[in-house]
Amino acid sequence: MMGANKIVSKMFRANTSNILKKGEMSELQKGLVSQYANERIEAIKKTIAAMTVGKDVSSLFPDVLKNVATRDLTLKKLVYLYLMNYAKTHPDLCILAVNTFVKDSEEYNPTIRALAIRTMGCIRVDKILSYLADPLRKALTDEHPYVRKTAAVCVAKVYDIDPKFCVANDFLKLLTDLIDDANPIVVANAVTALIEIHDTSIEKNVFFVNAEMADRLLVALNECTEWGRISILNALSRFETDNIKTLEHICERVIPQLQHANSAVVLASVKVIMPHIDRFEKSFNEMLYKKMAPPLLSLMSAEPEVQYVALRNIILILQKNPNIFDPTTRVFFCKFNDPLYVKLEKLRVLTMLACEENVSEILLEVKSYVAEVEMEFVKKAIACIGEISIKVPSSVETCVSILVDLYATNSSYVMQEATVVSEVILRTYPQMQSSLLPFIVTVFDDLDDPRARASIAWILGEFCTEVANAGTLLSSMVDVIDEEETQVQLAVLTAVVKLAVLEPSGQQLLQKMIQFALERNENQDLRDRAIIYQRFLQQSESGLRKIMLNPKPALSYQTDVPPALLDSLLSEITTLASVYHKRPESFIGYGKFGAEAIQRKAVEELASEEEATKTAITTGENVENLLDIDFSSSTATPTPTSQPSTHAMDLFKAFEASPNPTSSTSSPAPSAPSESSSHIRDILDL
C-alpha cells in the first residue's frame, strides 16, 4: 500500500511539474505590475525562464502586455519574446499591442525598429497582417541595413501566412530589389527569403537567377557571413545559361569557397560546380575535380554526422567520376570509434575506390573488419569482398582465399554471409568451384539464414555433378520445404530441376518438389514456376535441358544510384535528397507523385465514393445489397436441386442443410445439399 502511494505521489508530481505554484504565480504577477523598472525586468526574466522549461505562464499575458510600451530595450526584447510564444493562444490580446508595434517600427533606434518588424512577422495571426503592411514596406527601404535584412526574412514569414497579401502589397518586388543592396548581409537574407518563397509557391515563378544577378551575388559572396554564403551559393546553383565562358567564370569565383572551414559552404560550392562540370573542356574539368578532392577529404575529420552527410554526397560524386581521389588514400578506412552508420558508408566508398592499384590494400583492410563485434558491419564487410571481386577481376583469387579463411572461423553469421558471397563469385567465376565447393558443403548443416540457404541451394543445383552428395543434400531440403522461406523454395525448385536434367536419379525428387508446389503451397510464384517446369518435362525435356544448362550472363558491378537519377541528385547537394538518394518530390510532398499529392488524391477518391453512396441512397438504389445478391431477376429463388444460385444464397443454404443437434428426433430429415452448398461446406471444414 505504501508503495502504491509513492507511485501515485510521483505521478502527481510529474503531472504538476509544469504548473507554477499559486504563490509563485502571484509573486510574478505582482512583479510585472511593479512601479520599479528593475522589479519588472526580474519578473519578466523569471516568467521567460519558466516558459523556457515548459511551464504554463499564459495566465500572465495581460500583465506582460502592459510592459510592451517600455523604453528599456532589454525589457522590450523579453516582452516581445513572450508575445511571440503565446500569440496563437491569445490572438485577440495581441491586437492590443499592435499600436506599440507600429510605433516601435518608427523609432530612431534601428534595433527597436527591426525588433518590432521581426516580432510582428513571428506572430502568426491573420488579424495582425493588415497592421503590418505599412511598417514592413517602410522597413524594406529603411536606411539601416539591420532593419532591411530583418524585413527581408519577415516577407517570407508573411508569405507563408497569406501569399495573396504579399503579392497585393508588392512585397516580392521590394524583396527582389534588395538583391542590388550595397550590404552583403541584406543580399544574403533577400536571397534566402526568395528561395524559400519560390520553393513553397505552387507556380514556382518567384525567383530566377539571370547573368546580371549572378554577378551581383558573386560580389556579395566573399563579404557576407558563412550562412549567407550558403544561401548565395544555393542561388548560384540555380543559374542556367548556354554561355560556357560565363559558367567557367562562376566556377572560378566559387573555387576559393572550397577552402572554407564550414562544411556546408564546401558542399554548397560543390553544388554550384557539379551540374555543369561535363560541359567544360577536359583540362578545366580535371582542374575542378583536383580542386574539389582535398576539401571533400578534409570533411572526414569532422563530426560523425557531418562525415555521414559528406560520405553520402561523395558516393554520388564518385559515381560521376571514380578517379577524383588518389587511389592510395587511406582516409576512408574505418576507425574503431566510428559509428555504425559511418562505417557502412565508408565500406561503400572503399568498394567504389577499388582498382588494380589499391585492391590488395583494401581487401586486407576489409578482411580485418570481420573481427569486429557489430554483426551488421561484419556482414557488409563480407559482402564488399564479393563486390570487389566483380569490380576488379584480378582480385578474385585473393577474395576466394579470404572466404576460405572465413569458413574456418566457425562463426555462424560469418559462414552464412560467406556462403552468400560464394554464390556471387561462383556465378561470375565458375572456374573457382574447386577452391570453394569443399568448404561450402561442410557448413551445410549450420546454415539457417534464408539468404544463405537459397545460395547453397543454387550452388548445389548448378554444380550437382561436382558435389558428390548434392542429391542427398537437396533431398534433405525438400523434406522440410514447407518450413522454408519463399526465396529458399524457389531456389530449391530450380536446383532440383537442374539435378533431374543432369542425373536421372533426381526425377523422383523433382516429382516430389513439383507435387508440393502444386498441391500444398499457397505461393503463386512458386506454383507458376513449377507448372512451367512440369509442362516442359511433359512436352520437351530437351528444351528444358537447353534452358537450364544455357550459359548464364556474368554479373557486373552495379552502383546503387541509376544514371538517370544521378544528375538530378548532384543538383540537390546540401539537401536531404542527396542524403536519401531520392528525388525531393518523393518525400517532401511536392510534384505529381509527392506524398501530399498522393494523400490529397486519396482524400478526393474517398470523398467521391461518399458522394456516390449519397446519390445512390437518394435515388433509391439497392445500397442495402451488401451480399451482392441479384435482385434484378424476377424468377423465384431456385430450390437446392435446381439451377445453382448465387454464392451468398449457397452460403445460407449450406447452413440450412447442416443437421441441427438441438432439434427433436421427430423432425424430418434434411434434404440432400446441392453441389454448390457442398463446396461451401468443404471450405468451412464442416
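Summarised in this report is the structure supplied together with it. As the structure is a computational prediction, the values presented were derived from the model and not from experiment.

### Focus: the overall build of the chain
Counting its secondary structure elements, the chain contains 36 helices and zero strands. Within the chain, buried positions represent 45% of all 686 residues. For the chain, restricting intrachain contacts to residue pairs at least 6 apart in sequence, the fraction spanning at least 24 positions comes to 64%.

### Points about helix H32 (residues 563–570)
If you check which residues of H32 are buried, you get Leu-565, Leu-566, Leu-569 and Leu-570. Buried residues of H32, seen end-on, are gathered within an arc of 130 degrees and therefore sit on one face of the element. Tucked inside the fold, the buried residues of H32 contact helix H19 (304–320) and helix H33 (576–580).

### Here's the deal with the packing of helix H21 (residues 359–369) against helix H22 (residues 375–391)
Relative orientation of the contacting elements H21 and H22 amounts to 155 degrees, with a least axis distance of 8 Å. The pairing of H21 with H22 is recorded here as roughly antiparallel in orientation. The element H21 and its partner H22 pack so that their crossing is left-handed. Here H21 contributes Val-359, Ile-362, Leu-363, Val-366 and Tyr-369 to the contact with H22, which in turn contributes Phe-377, Val-378, Ala-381, Cys-384, Ile-385 and Ile-388. Tallied by class, the residues present in the contact of H21 with H22 amount to eleven nonpolar, no polar and no charged.

### Thoughts on unusual backbone geometry
The backbone of Asn-410 shows a phi angle near 60 degrees, a positive value even though the residue is not glycine. When you line up the elements, Asn-410 lands in the loop between helix H23 (396–407) and helix H24 (412–428). When its relative accessible area of 65% is taken as the criterion, Asn-410 is described as exposed. Unusually for a residue other than glycine, Thr-574 sits at a positive phi of about 80 degrees. Using a relative accessible area of 33% as the deciding quantity, one classes Thr-574 as partly exposed.

### A short note on the side chain of Asn-313
Looking at the element boundaries, Asn-313 is found in helix H19. With a relative accessible area of 1%, Asn-313 lands in the buried category. Sequence-distant contacts of Asn-313, defined by excluding residues within four places in its chain, comprise Leu-267, Ile-573, Thr-574 and Ser-578.

### Considering the pattern of salt bridges
Should the charged atoms of two oppositely charged side chains come close, the side chains can pair. As enumerated under the stated definition, the model contains 25 salt bridges in all. Note that Asp-278 and Lys-320 form a salt bridge whose closest N and O atoms lie 2.5 Å from each other. One end of the pair, Asp-278, is in the loop between helix H17 (263–273) and helix H18 (282–298); the other, Lys-320, is in helix H19, with 42 residues separating them in the sequence. The class for Asp-278 is exposed, based on a relative accessible area of 53%. If you follow the salt bridges from partner to partner, you end up with Asp-278, Lys-320 and Asp-567 in one network.

### Comments concerning empty space enclosed by the protein
Using the criterion set out here, one finds two cavities of 30 Å³ or more in the structure. Within this model, the largest cavity holds a volume of roughly 50 Å³. At the level of elements, helix H20 (340–353) and H21 are the ones that each hand at least two residues to the lining of the largest cavity. Of the residues assigned to the lining of the largest cavity, the class counts are five nonpolar, two polar and one charged. Estimates place the volume of the second largest cavity at around 30 Å³. Around the second largest cavity, the lining residues are Leu-236, Ser-237, Phe-239, Leu-247, Ile-250, Cys-251, Val-272 and His-276. A per-class count over the lining of the second largest cavity returns six nonpolar, two polar and no charged.

### Some details on H18
Helix length check: H18 (17 residues) gives 25 Å between terminal C-alpha atoms against 24 Å at 1.5 Å per residue, within 8%. Burial in H18 covers these residues: Phe-284, Asn-285, Leu-288, Tyr-289, Met-292, Ala-293, Pro-295 and Leu-296. Looking at the buried positions of H18, the neighbouring elements they touch are helix H16 (244–254), H17 and H19.

### Thoughts on the packing of helix H8 (residues 110–122) against helix H10 (residues 145–161)
Direction vectors running N to C along H8 and H10 enclose 5 degrees, while the axes themselves pass 9 Å from each other. Classified by the angle between their axes, H8 and H10 sit roughly parallel to one another. On H10, the residues touching Pro-110, Thr-111, Arg-113, Ala-114, Ile-117, Arg-118, Gly-121 and Cys-122 of H8 are Tyr-146, Val-147, Thr-150, Ala-151, Cys-154 and Lys-157. Classifying every residue of the contact of H8 with H10 by side-chain character gives eight nonpolar, three polar and three charged.

### Remarks on the side chain of Ser-269
Secondary-structure assignment places Ser-269 in helix H17. Among the residues examined, Ser-269 registers a relative accessible area of 0% and is labelled buried. A distance of 2.8 Å separates a polar side-chain atom of Ser-269 from the backbone oxygen of Val-265. Once you skip the residues sitting within four places of it in the chain, Ser-269 turns out to touch Leu-233, Val-254, Gln-257 and Leu-258.

### Quick word on the nonpolar core
Looking at soluble globular proteins, one finds that nonpolar side chains tend to be buried together. Residues Leu-136 and Leu-217 are the most contacted members of the largest nonpolar core, which totals 208 residues. Here this core spans two domains, and each of domain 1 (358–428) and domain 2 (435–553) adds at least three residues to it. Leaving out residues up to four positions away in the same chain, Leu-217 has contacts with Ile-179, Val-187, Val-191, Val-209, Ile-232, Ala-235 and Leu-236.

### Some words on a negative patch on the surface
Side chains of Glu-604, Glu-605, Glu-609, Glu-610 and Glu-611 sit close together on the surface and give a patch of like negative charge. When its relative accessible area of 42% is taken as the criterion, Glu-605 is described as partly exposed.

### Focus: the packing of aromatic side chains
In total, this model carries nine aromatic pairs according to the counting rule given. Judged by centre distance (6.2 Å) and plane angle (80 degrees), the ring pair of Trp-458 and Phe-463 falls under edge-to-face. Above the face of the Phe-377 ring, Lys-343 is positioned so that its terminal group lies 5.1 Å from the ring centre.

### What about the layout of surface pockets?
Space inside the largest pocket adds up to approximately 940 Å³. In this structure, the largest pocket is lined by 31 residues; those nearest its centre are Asp-199, Arg-238, Lys-271, Glu-572 and Thr-575. Among the elements of the structure, helix H13 (184–200), helix H15 (226–236) and H33 are those that each provide at least two residues to the lining of the largest pocket. The element best represented in the lining of the largest pocket is H13, accounting for five residues. For the lining of the largest pocket, the class distribution of residues is 13 nonpolar, ten polar and eight charged. Volume-wise, the second largest pocket comes out at about 320 Å³. Thr-351, Glu-387, Tyr-557, Gln-558 and Asp-560 are, among the 21 residues lining the second largest pocket, the residues nearest its centre. No other element matches H22, which puts five residues into the lining of the second largest pocket. Its residues assigned to classes, the lining of the second largest pocket comprises nine nonpolar, six polar and six charged.

What counts, and where the lines are drawn
- Residues numbered from 1 in each chain as written.
- Predicted model: local features only at pLDDT ≥ 70, side-chain atom pairs only at ≥ 80, totals over all residues.
- Heavy atoms only, no water.
- Helix = DSSP H or I, 4+ residues; strand = E, 2+ residues; numbered from the N terminus.
- Buried < 20%, exposed > 50% of the residue type's maximum accessible area, 1.4 Å probe, protein only.
- Contact = heavy atoms within 4.5 Å.
- Arc of directions from axis to C-beta.
- Axes fitted to C-alpha atoms, helices over the stretch in contact; angles between N-to-C directions.
- Parallel < 35°, antiparallel > 145°, perpendicular 65-115°, else oblique.
- Left-handed = near helix turned anticlockwise from the far one by under 90°.
- Nonpolar A, V, L, I, M, F, W, Y, C, P; charged D, E, K, R; others polar.
- Salt bridge = Lys/Arg side-chain N within 4 Å of Asp/Glu carboxyl O.
- 1 Å grid on protein atoms, 1.4 Å probe; cavity = no way out; pocket = protein on both sides within 12 Å on 5 of 7 lines; lining within 4 Å.
- Points joined across faces, edges and corners; volume = space filled by probe spheres on them.
- Expected span 1.5 Å × (residues − 1).
- Polar contact = N/O pair within 3.5 Å; in protein donor to acceptor, adjacent residues only side chain to side chain.
- Core = buried A, V, L, I, M, F, W, Y, C linked by side-chain atoms within 4.5 Å.
- Domains from an automatic or database assignment.
- Patch = residues over 30% accessible without salt bridge, like charges linked within 9 Å, V, L, I, M, F, W, Y side chains within 5 Å.
- Areas by Shrake-Rupley, 256 points an atom, 1.4 Å probe, with all protein chains shown as cover.
- Lys, Arg positive; Asp, Glu negative; His and termini not counted.
- Charge placed at Lys NZ, Arg CZ, Asp CG, Glu CD.
- Phe/Tyr/Trp six-rings, centres within 6.5 Å; stacked < 30°, edge-to-face > 60°.
- Lys NZ or Arg CZ within 6 Å of the ring centre and 35° of its normal.

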